[in-house]
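Examining the three-dimensional arrangement
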Amino acid sequence: MQQRHTNRTLYFDELAQTSRKYFIPYISKFKRPGQDCRVLEIGCGDGGNLLPFAQMGCYTLGVDISKGRIADARKFFADCNAKGDFIESDVFLLEELHGSFDVIICHDVIEHISDKQRFLSLLPQFLKRDGIVFMSFPAWQMPFGGHQQICRSRVISHLPFVHLLPRALYHLLLEAFGEDDGCIKELMSIKETKTPIEQFERILKALGTFTIKDRILWFVNPHYETKFGLRPQRLLRGLGAIPYIRNFFTTSCFYILTHVSG
(Lines give C-alpha, C1' and ligand atoms only; values in the text may rest on other atoms or scores of the structure.)
Protein backbone atom coordinates (compact mmCIF):
# COMPACT_ATOMS: atom_id res chain seq x y z
CA MET A 1 0.00 0.00 0.00
CA GLN A 2 1.33 3.41 -0.97
CA GLN A 3 1.57 6.25 1.58
CA ARG A 4 -1.09 8.29 -0.23
CA HIS A 5 -3.71 5.65 0.60
CA THR A 6 -3.26 6.27 4.34
CA ASN A 7 -2.17 9.93 4.29
CA ARG A 8 -5.32 11.63 3.03
CA THR A 9 -3.78 15.13 3.13
CA LEU A 10 -1.04 13.98 0.73
CA TYR A 11 -3.62 12.39 -1.55
CA PHE A 12 -5.78 15.53 -1.49
CA ASP A 13 -2.79 17.71 -2.41
CA GLU A 14 -1.74 15.36 -5.24
CA LEU A 15 -5.23 15.38 -6.77
CA ALA A 16 -5.41 19.16 -6.53
CA GLN A 17 -2.08 19.48 -8.36
CA THR A 18 -3.15 17.14 -11.16
CA SER A 19 -6.52 18.86 -11.47
CA ARG A 20 -4.88 22.30 -11.66
CA LYS A 21 -2.22 21.28 -14.18
CA TYR A 22 -4.12 18.85 -16.41
CA PHE A 23 -7.86 18.62 -15.78
CA ILE A 24 -8.60 22.35 -15.87
CA PRO A 25 -6.57 23.08 -19.05
CA TYR A 26 -8.29 20.18 -20.81
CA ILE A 27 -11.78 21.14 -19.66
CA SER A 28 -11.11 24.81 -20.49
CA LYS A 29 -10.88 23.96 -24.20
CA PHE A 30 -14.61 23.25 -24.10
CA LYS A 31 -15.95 25.15 -21.07
CA ARG A 32 -13.95 27.88 -19.34
CA PRO A 33 -14.18 27.74 -15.53
CA GLY A 34 -14.88 31.01 -13.75
CA GLN A 35 -17.24 32.78 -11.39
CA ASP A 36 -20.31 31.90 -13.43
CA CYS A 37 -19.33 28.24 -13.78
CA ARG A 38 -21.03 25.58 -11.68
CA VAL A 39 -19.05 22.36 -11.23
CA LEU A 40 -20.37 19.06 -9.89
CA GLU A 41 -18.08 16.15 -9.10
CA ILE A 42 -19.67 12.74 -8.64
CA GLY A 43 -17.51 10.47 -6.51
CA CYS A 44 -15.52 13.44 -5.23
CA GLY A 45 -13.74 11.59 -2.43
CA ASP A 46 -11.71 14.07 -0.38
CA GLY A 47 -12.42 16.90 -2.84
CA GLY A 48 -8.91 17.42 -4.22
CA ASN A 49 -10.06 17.62 -7.83
CA LEU A 50 -12.49 20.41 -6.97
CA LEU A 51 -10.13 22.67 -5.04
CA PRO A 52 -8.56 24.44 -8.08
CA PHE A 53 -12.03 25.08 -9.52
CA ALA A 54 -13.15 26.64 -6.24
CA GLN A 55 -10.02 28.78 -6.13
CA MET A 56 -10.88 30.07 -9.62
CA GLY A 57 -14.25 31.27 -8.35
CA CYS A 58 -16.42 28.38 -9.57
CA TYR A 59 -19.30 27.13 -7.49
CA THR A 60 -18.32 23.57 -6.60
CA LEU A 61 -20.41 20.71 -5.29
CA GLY A 62 -18.98 17.30 -4.45
CA VAL A 63 -21.07 14.16 -3.99
CA ASP A 64 -19.74 10.94 -2.50
CA ILE A 65 -21.31 7.92 -0.87
CA SER A 66 -18.62 7.80 1.84
CA LYS A 67 -19.39 9.76 5.01
CA GLY A 68 -15.70 9.79 5.95
CA ARG A 69 -14.58 11.18 2.59
CA ILE A 70 -17.17 13.96 2.72
CA ALA A 71 -16.02 14.88 6.24
CA ASP A 72 -12.41 15.01 5.00
CA ALA A 73 -13.40 17.15 2.01
CA ARG A 74 -15.12 19.72 4.20
CA LYS A 75 -12.11 19.84 6.52
CA PHE A 76 -9.56 20.18 3.70
CA PHE A 77 -11.56 22.96 2.03
CA ALA A 78 -11.82 24.79 5.34
CA ASP A 79 -8.07 24.41 5.88
CA CYS A 80 -7.49 25.95 2.43
CA ASN A 81 -10.02 28.76 3.05
CA ALA A 82 -11.91 27.53 -0.02
CA LYS A 83 -15.67 27.53 -0.56
CA GLY A 84 -17.38 24.34 -1.64
CA ASP A 85 -20.43 22.28 -0.81
CA PHE A 86 -20.35 18.53 -0.22
CA ILE A 87 -23.16 16.01 0.01
CA GLU A 88 -23.00 12.47 1.36
CA SER A 89 -25.27 10.55 -1.00
CA ASP A 90 -25.59 7.74 -3.48
CA VAL A 91 -25.75 9.45 -6.89
CA PHE A 92 -28.73 7.27 -7.80
CA LEU A 93 -30.70 8.93 -5.00
CA LEU A 94 -30.00 12.56 -5.96
CA GLU A 95 -33.06 14.48 -7.05
CA GLU A 96 -32.58 18.19 -6.34
CA LEU A 97 -29.74 19.00 -8.79
CA HIS A 98 -31.58 18.89 -12.09
CA GLY A 99 -30.14 20.93 -14.98
CA SER A 100 -27.92 23.15 -12.89
CA PHE A 101 -24.27 22.44 -13.77
CA ASP A 102 -21.91 23.61 -16.50
CA VAL A 103 -19.33 20.92 -15.82
CA ILE A 104 -19.72 17.44 -14.36
CA ILE A 105 -16.54 15.62 -13.31
CA CYS A 106 -16.44 11.83 -12.98
CA HIS A 107 -12.81 10.99 -12.27
CA ASP A 108 -11.96 7.32 -11.69
CA VAL A 109 -15.54 6.55 -10.71
CA ILE A 110 -17.28 4.60 -13.44
CA GLU A 111 -14.99 1.58 -13.06
CA HIS A 112 -16.54 1.13 -9.58
CA ILE A 113 -20.16 1.22 -10.79
CA SER A 114 -21.93 -1.97 -11.82
CA ASP A 115 -24.92 -0.42 -13.63
CA LYS A 116 -22.97 1.88 -15.94
CA GLN A 117 -25.85 2.43 -18.33
CA ARG A 118 -28.11 3.65 -15.55
CA PHE A 119 -25.34 5.88 -14.18
CA LEU A 120 -24.63 7.49 -17.56
CA SER A 121 -28.33 7.93 -18.21
CA LEU A 122 -28.62 10.02 -15.01
CA LEU A 123 -26.00 12.60 -15.93
CA PRO A 124 -28.00 14.66 -18.47
CA GLN A 125 -30.53 15.66 -15.81
CA PHE A 126 -27.76 17.35 -13.80
CA LEU A 127 -26.24 19.11 -16.81
CA LYS A 128 -27.13 22.39 -18.50
CA ARG A 129 -27.93 22.03 -22.19
CA ASP A 130 -24.57 23.55 -23.15
CA GLY A 131 -22.69 21.80 -20.32
CA ILE A 132 -20.00 19.16 -20.58
CA VAL A 133 -19.02 15.99 -18.74
CA PHE A 134 -15.36 15.25 -18.05
CA MET A 135 -15.06 11.50 -17.65
CA SER A 136 -11.84 9.67 -16.85
CA PHE A 137 -11.05 6.09 -15.93
CA PRO A 138 -8.26 3.51 -16.26
CA ALA A 139 -8.75 0.95 -19.01
CA TRP A 140 -9.39 -2.37 -17.27
CA GLN A 141 -6.57 -4.36 -18.85
CA MET A 142 -3.84 -1.81 -18.14
CA PRO A 143 -1.13 -2.96 -15.68
CA PHE A 144 -2.88 -1.65 -12.56
CA GLY A 145 -6.44 -1.46 -13.83
CA GLY A 146 -7.60 -3.57 -10.88
CA HIS A 147 -6.41 -0.98 -8.32
CA GLN A 148 -4.21 -3.62 -6.72
CA GLN A 149 -1.91 -0.80 -5.58
CA ILE A 150 -4.18 -0.46 -2.52
CA CYS A 151 -2.97 -3.84 -1.22
CA ARG A 152 -0.84 -3.94 1.91
CA SER A 153 1.40 -6.61 0.43
CA ARG A 154 4.39 -5.01 -1.31
CA VAL A 155 4.41 -7.91 -3.76
CA ILE A 156 0.77 -7.69 -4.86
CA SER A 157 0.65 -3.89 -4.78
CA HIS A 158 3.57 -3.74 -7.25
CA LEU A 159 2.49 -6.69 -9.44
CA PRO A 160 1.12 -5.58 -12.83
CA PHE A 161 -1.71 -7.43 -14.57
CA VAL A 162 -2.39 -9.66 -11.55
CA HIS A 163 -6.03 -8.51 -11.63
CA LEU A 164 -6.48 -10.28 -14.98
CA LEU A 165 -6.12 -13.70 -13.36
CA PRO A 166 -9.27 -15.86 -13.22
CA ARG A 167 -11.50 -14.77 -10.37
CA ALA A 168 -10.94 -17.80 -8.12
CA LEU A 169 -7.16 -17.73 -8.55
CA TYR A 170 -7.02 -13.97 -7.94
CA HIS A 171 -9.00 -14.37 -4.73
CA LEU A 172 -6.71 -17.17 -3.50
CA LEU A 173 -3.63 -15.11 -4.27
CA LEU A 174 -4.93 -12.13 -2.32
CA GLU A 175 -5.69 -14.38 0.66
CA ALA A 176 -2.27 -16.06 0.43
CA PHE A 177 -0.53 -12.68 0.70
CA GLY A 178 -2.54 -11.70 3.76
CA GLU A 179 -4.94 -9.10 2.39
CA ASP A 180 -7.85 -8.41 4.72
CA ASP A 181 -11.48 -9.14 3.87
CA GLY A 182 -12.30 -5.50 3.16
CA CYS A 183 -9.50 -5.11 0.63
CA ILE A 184 -10.32 -8.42 -1.06
CA LYS A 185 -13.99 -7.49 -1.29
CA GLU A 186 -13.14 -4.15 -2.90
CA LEU A 187 -10.72 -5.65 -5.42
CA MET A 188 -13.12 -8.43 -6.38
CA SER A 189 -15.86 -5.84 -6.80
CA ILE A 190 -13.66 -3.82 -9.16
CA LYS A 191 -13.02 -7.00 -11.13
CA GLU A 192 -16.78 -7.30 -11.60
CA THR A 193 -17.36 -3.64 -12.53
CA LYS A 194 -14.32 -3.25 -14.83
CA THR A 195 -14.47 -0.71 -17.64
CA PRO A 196 -12.73 -1.46 -20.94
CA ILE A 197 -12.77 1.37 -23.50
CA GLU A 198 -15.01 -0.57 -25.88
CA GLN A 199 -17.62 -1.25 -23.22
CA PHE A 200 -17.79 2.41 -22.20
CA GLU A 201 -18.19 3.68 -25.76
CA ARG A 202 -20.70 0.95 -26.60
CA ILE A 203 -22.91 2.02 -23.69
CA LEU A 204 -22.70 5.68 -24.75
CA LYS A 205 -23.71 4.75 -28.28
CA ALA A 206 -26.64 2.67 -27.06
CA LEU A 207 -27.92 5.47 -24.82
CA GLY A 208 -27.74 8.05 -27.59
CA THR A 209 -27.81 11.00 -25.17
CA PHE A 210 -24.15 12.01 -25.36
CA THR A 211 -21.67 12.85 -28.09
CA ILE A 212 -17.98 12.16 -27.54
CA LYS A 213 -16.61 15.64 -28.16
CA ASP A 214 -13.03 14.65 -27.45
CA ARG A 215 -10.97 11.71 -26.22
CA ILE A 216 -7.39 11.30 -25.05
CA LEU A 217 -5.87 7.92 -24.32
CA TRP A 218 -2.85 8.20 -22.04
CA PHE A 219 0.09 5.82 -22.07
CA VAL A 220 1.41 7.59 -18.95
CA ASN A 221 -1.42 8.95 -16.81
CA PRO A 222 -1.00 12.70 -16.04
CA HIS A 223 -1.53 11.90 -12.36
CA TYR A 224 1.66 9.81 -12.44
CA GLU A 225 3.67 13.03 -12.71
CA THR A 226 2.61 14.04 -9.21
CA LYS A 227 2.70 10.51 -7.81
CA PHE A 228 5.86 9.13 -9.39
CA GLY A 229 7.61 11.98 -11.22
CA LEU A 230 6.80 10.49 -14.63
CA ARG A 231 6.16 12.74 -17.62
CA PRO A 232 2.65 12.24 -19.06
CA GLN A 233 2.55 10.70 -22.53
CA ARG A 234 -0.33 10.10 -24.89
CA LEU A 235 -0.80 6.69 -26.40
CA LEU A 236 0.50 6.44 -29.95
CA ARG A 237 -2.37 7.18 -32.34
CA GLY A 238 -1.93 3.94 -34.28
CA LEU A 239 -2.01 1.83 -31.13
CA GLY A 240 -4.98 3.77 -29.82
CA ALA A 241 -6.95 2.82 -32.92
CA ILE A 242 -6.67 -0.93 -32.24
CA PRO A 243 -9.67 -2.09 -30.18
CA TYR A 244 -8.98 -4.28 -27.13
CA ILE A 245 -5.19 -4.22 -27.60
CA ARG A 246 -5.12 -0.53 -26.65
CA ASN A 247 -6.60 -1.33 -23.23
CA PHE A 248 -3.34 -2.97 -22.14
CA PHE A 249 -1.42 0.26 -22.75
CA THR A 250 -3.94 2.92 -21.66
CA THR A 251 -3.39 3.98 -18.05
CA SER A 252 -6.09 6.66 -18.24
CA CYS A 253 -8.86 7.67 -20.65
CA PHE A 254 -10.03 11.29 -20.79
CA TYR A 255 -13.42 12.06 -22.39
CA ILE A 256 -15.41 15.21 -22.95
CA LEU A 257 -19.09 14.42 -23.42
CA THR A 258 -21.80 16.81 -24.58
CA HIS A 259 -25.53 16.54 -25.17
CA VAL A 260 -26.28 15.01 -28.56
CA SER A 261 -28.06 18.17 -29.65
CA GLY A 262 -25.33 20.40 -28.16
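Here's what I pulled together on the structure shown here. The structure presented is a predicted model; accordingly, all values stated were derived computationally and were not measured.

This paragraph deals with the sheet that holds strand β1 (residues 38–42). Strand order in the open sheet made by the eight strands is β3-β2-β1-β4-β5-β8-β6-β7, with mixed pairing throughout. Two strands lie at the open edges of the sheet, namely β3 (85–88) and β7 (233–234), each paired on one side alone. In the sheet, strand β6 (residues 210–220) pairs with β7 via two bridges, with the strands oriented antiparallel. Within β7, the position partnered with Val-220 by the bridge is Gln-233. Here helix α3 (residues 67–79) sits on the sheet in contact with β2 (59–64) and β3, set at roughly 170° to β3.

This brings us to the packing of helix α6 (residues 167–176) against helix α7 (residues 181–192). For any two helices packed against each other, the geometry comes down to the angle between their axes and how far apart the axes lie. Remark: α6 packs on α7, axes separated minimally by 10 Å, with the N-to-C direction vectors making an angle of 160°. Looking at the two axes, α6 sits roughly antiparallel to α7. For α6 against α7, the interelement crossing comes out right-handed. Contact residues: α6 offers Arg-167, Tyr-170, His-171, Leu-174 and Glu-175, while α7 offers Ile-184, Leu-187, Met-188, Lys-191 and Glu-192.

All right, on to the pattern of salt bridges then. One pass over the structure, following the stated rule, counts ten salt bridges. Across the pair Asp-46 and Arg-69 runs a salt bridge, and its minimum N-O distance is 4.0 Å. In this pair, Asp-46 is assigned in the loop between β1 and α2 (51–55) and Arg-69 in helix α3, connecting sequence segments 23 residues apart. For Glu-201, the salt bridge is made with Arg-215, and the minimal N-O distance between the two is 2.7 Å. With Glu-201 in helix α8 (residues 197–207) and Arg-215 in strand β6, this residue pair connects regions lying 14 residues apart in the sequence. Ionic contacts of the salt-bridge type, sharing partners, join the residues Arg-8, Asp-46, Arg-69 and Asp-72 into one network.

Turning to the nonpolar core, a few remarks are in order. Grouped together as the largest cluster of nonpolar side chains are 32 residues, with contacts concentrated most on Ile-42, Ile-104, Phe-119, Leu-120, Leu-123, Met-135 and Phe-200. Listing elements by their share of this core, those giving two or more residues are β1, β2, β4 (101–107), α4 (116–122), β5 (127–137), α8, β6 and β8 (252–259).

All right, on to the packing of aromatic side chains then. Here the structure, examined in full by the defined rule, presents 16 aromatic pairs. Look at Tyr-26 and Phe-134: their rings are 6.0 Å apart centre to centre, the planes differ by 70°, and that puts the pair in the edge-to-face class. One end of the pair, Tyr-26, is in helix α1 (residues 8–28); the other, Phe-134, is in strand β5, with 108 residues separating them in the sequence. Each member of the pair, Tyr-26 as well as Phe-134, carries the same accessibility label: buried. One aromatic cluster is present, built from ring pairs that chain together Phe-23, Tyr-26, Phe-30, Phe-134, Trp-218 and Phe-254. The cationic tip of Arg-38 hangs over the ring face of Phe-101; the distance from NZ or CZ to the ring centre is 4.9 Å.

Thresholds, definitions, all that
Residues numbered from 1 in each chain as written. Predicted model: local features only at pLDDT ≥ 70, side-chain atom pairs only at ≥ 80, totals over all residues. Heavy atoms only, no water. Pairing = 2+ DSSP bridges. Helix = DSSP H or I, 4+ residues; strand = E, 2+ residues; numbered from the N terminus. Contact = heavy atoms within 4.5 Å. Axes fitted to C-alpha atoms, helices over the stretch in contact; angles between N-to-C directions. Parallel < 35°, antiparallel > 145°, perpendicular 65-115°, else oblique. Left-handed = near helix turned anticlockwise from the far one by under 90°. Salt bridge = Lys/Arg side-chain N within 4 Å of Asp/Glu carboxyl O. Core = buried A, V, L, I, M, F, W, Y, C linked by side-chain atoms within 4.5 Å. Buried < 20%, exposed > 50% of the residue type's maximum accessible area, 1.4 Å probe, protein only. Phe/Tyr/Trp six-rings, centres within 6.5 Å; stacked < 30°, edge-to-face > 60°. Lys NZ or Arg CZ within 6 Å of the ring centre and 35° of its normal.

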